[in-house]
Amino acid sequence: MLNDLYKQFKSGTDIRGVATEGVEGQSVNLTDGVVADMADGFVLWLSKKVNKPANQLKISVGRDSRISGPRISAVVTKRFVRAGAEVICCGLASTPSMFMTTVDLGCDGALQITASHHPFNRNGLKFFTRSGGLEGSDIEEILQYAQDGEHPEESGGGSQRDYDYMTDYANGLCEKIKKEVNADDYDHPLRGFKIVVDAGNGAGGFYADRVLAVLGADTNGSRYLEPDGMFPNHVPNPEDSAAMASIREAVLESGADLGVIFDTDVDRGGAVDSKGNEINRNRLVAVASAIALEGNDGGTIVTDSITSSGLKDFIENTLGGKHYRYRRGYKNVIDKAVELNALGINCPLAIETSGHAAMRENYFLDDGAYLCTKIIIKAAQMRKQGKELDELTKELREPLESREIRYKILDKDFRACGERIIADLTAYAEQKDGWNVADDNREGIRVSFDKQNGDGWFLLRLSVHDPIMPLNIESDSVGGVDKILGALNEFLKTTTGLDI
């Protein structure tokens, strides 16, 4: 069992903690000593996983732009070398590229030092094998080794070398665009396109210079391409309204055909079309689904639970696919898609509204740069036909109103409390006239309402990690969200353990 010290580092399928001073009340817990023990834990876990002694392992190490990245990278590299491993030091890199080192460079394992979109003072460790990202149980095992003070034997045969894998990775994206666009000017398929990039001072600035510009695109007007681990301009997060406002402004000010935006470590992406329409959340899922279902007629798209009713209609009735709503958490969505394919169900895409999109053709790797590359390819193909990208989703019905409320759970056993509230609400909803409990929901409770009762739906669920119950409401009518919330509040006032 993990003690309180090590339990705090587990964040789903990653390790995360405070790596830098600078935020009041948050002391550094990712110390050199703790990180070293975690690195040793990974060596022990990986050695068992791939059935190789530690001194025969090949491990790659990369990092995003956080200011604590170089320190942590030095610590883990030293420990891997001490155990006898061959270490490939990739420096500033995207998270998806680090997985790809297991494919292209034959690494047994890969480590990306990142905390995604979290503030500058936080950082973390994200691990990969050739099978993909680790499961939560794997992270617990690594932390248990660290907690118990278990270490691989020291060996004198370890080595380290620097390798600019991001150039290889960028070249791979370039070749994909060339091949799939197949322009008359084959080597410059994006000539005549103006595409701007907002990297949010994370690791995604390479996309403008080493992909788009190389292929002939005009990238003038791009923003925040330089790595800066203090993130001085906006949170690098395609879900964040300020971040999306930034890339939208860049598109409209520069007259661009398209804008793309990444989170800090580039495993998520979003876009804005030439008219300033934001391609994120439900619209991003719609665009990705339209692309993924080409050549996969009747295929299944796995999404998280908070996708809209209009999106389901678009996937099933416009695109002719099937929509499988699953639990929040990008790894949950990806794992379900992998499982469905193993059962013989054609499932080409797993995507969460946060911007995590994993395509079967790309190892079910959630890769923001790959997703944006697919969108750019589609835009170029449509231009050949005299069409614009926004025509792809013209039949997507989007809600008129939407709201998210995050209720704090007050009980110490927050999971039991949340599950009790969901069970009670389900029983309540099933007895209420006009409340239609969804039969295709796999997380929390989802209830839809006709026009008279709010013309929309709500989803109440338990947060994946935190003592929170998020509530999402959408409506197709003015005032519908308030009407649905008012009806739900009649139940919530009778609950205990929830701060309403």
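For every chain, the first residue of the written sequence is number 1, and numbering continues from 1 onward in sequence order. Totals for whole chains, interfaces and linings use every residue, but because this is a predicted model, local features are given only for residues with pLDDT of at least 70 and side-chain atom pairs only at 80 or more, for both listing and counting. With hydrogens and water set aside, each side-chain value is computed from the structure's full complement of heavy atoms.

Looking now at helix H10 (residues 309–318). Relative accessibility under 20% of the residue-type maximum defines a buried residue, over 50% an exposed one, and the middle range a partly exposed one, all with a 1.4 Å probe and only protein chains included. Counting from the N terminus, the helices are the DSSP runs of H or I reaching at least four residues and the strands are the DSSP runs of E reaching at least two. The complete set of buried residues in H10 reads Gly-310, Leu-311, Lys-312, Phe-314 and Ile-315. In what follows, a contact means two residues having at least one pair of non-hydrogen atoms within 4.5 Å. Looking at the packing, one finds that the buried side of H10 touches helix H9 (281–292), strand S13 (300–303) and strand S14 (322–325). In the stretch just after H10, Gly-320 is the one whose phi turns positive, near 80 degrees.

Next up on the list: the packing of helix H4 (residues 95–104) against helix H6 (residues 165–181). Packed helix pairs are characterised by how far apart their axes lie and by the angle those axes make with each other. In this description, a line fitted to the C-alpha atoms serves as the axis of each element, helices being fitted only across the stretch in contact, and the angle between N-to-C directions of two axes falls anywhere from 0 to 180 degrees. Two elements in contact, H4 and H6, have axes whose closest approach is 10 Å; the angle formed by their N-to-C orientations is 90 degrees. In terms of axis orientation, H4 runs roughly perpendicular to H6. Each of Pro-96, Ser-97, Met-100, Thr-101 and Asp-104 in H4 lies in contact with H6, whose residues at this interface are Tyr-165, Met-166 and Tyr-169. Residue polarity is assigned by list, with Asp, Glu, Lys and Arg as charged and Ala, Val, Leu, Ile, Met, Phe, Trp, Tyr, Cys and Pro as nonpolar; anything else, Gly included, falls into the polar class. When its residues are assigned to classes, the contact of H4 with H6 shows five nonpolar, two polar and one charged. Should an angle lie under 35 degrees it is considered roughly parallel, over 145 roughly antiparallel, and from 65 to 115 roughly perpendicular; all remaining angles are considered oblique.

Taking burial as the measure, the ten residues of H4 include eight buried ones, the bulk of the element. Considered for burial, the residues of H4 that qualify are Thr-95, Pro-96, Ser-97, Met-98, Phe-99, Met-100, Thr-101 and Thr-102. Positive backbone phi, at 70 degrees, marks Gly-106, one or two positions downstream of H4.

Okay, the sheet that holds S14 next. Across the sheet, which stays open at both edges, the five strands sit in the order S14-S13-S15-S16-S17 with mixed pairing between neighbours. Two strands close off the open sheet at either side, each with one partner strand: S14 and strand S17 (365–366). When DSSP locates at least two bridges between a pair of strands, those strands are taken to pair. Bridge count for S13 against strand S15 (residues 349–351) is three bridges, and the pairing is parallel. Counted as the bridge partner of Thr-303 is Ile-351 from S15. Relative to S13, helix H11 (residues 330–342) is tilted by about 155 degrees, and along the sheet it contacts S13, S14, S15, strand S16 (357–359) and S17.

Right, let's get into unusual backbone geometry. We note that Ser-116 has phi near 55 degrees; this positive angle belongs to a residue other than glycine. Mapped onto the fold, Ser-116 is located in the loop between strand S5 (109–113) and strand S6 (122–129). What makes Ser-116 buried here is its relative accessible area of 7%. Despite not being glycine, Asn-182 shows a phi value in the positive range, around 50 degrees. Tracing the backbone shows Asn-182 in the loop between H6 and strand S9 (195–198).

Secondary-structure assignment places Arg-283 in helix H9. Given a relative accessible area of 18%, Arg-283 falls into the buried group. One polar contact links Arg-283 to Glu-398, side chain to side chain, over a distance of 2.5 Å. In contact with Arg-283, other than residues within four places in its own chain, are Asn-277, Glu-278, Thr-393, Leu-396 and Glu-398. Polar contacts, as counted here, are pairs of nitrogen or oxygen atoms within 3.5 Å of one another; within protein the pair requires one atom able to donate a hydrogen and one able to accept it, and residues that are adjacent in sequence qualify only if both atoms are side-chain atoms.

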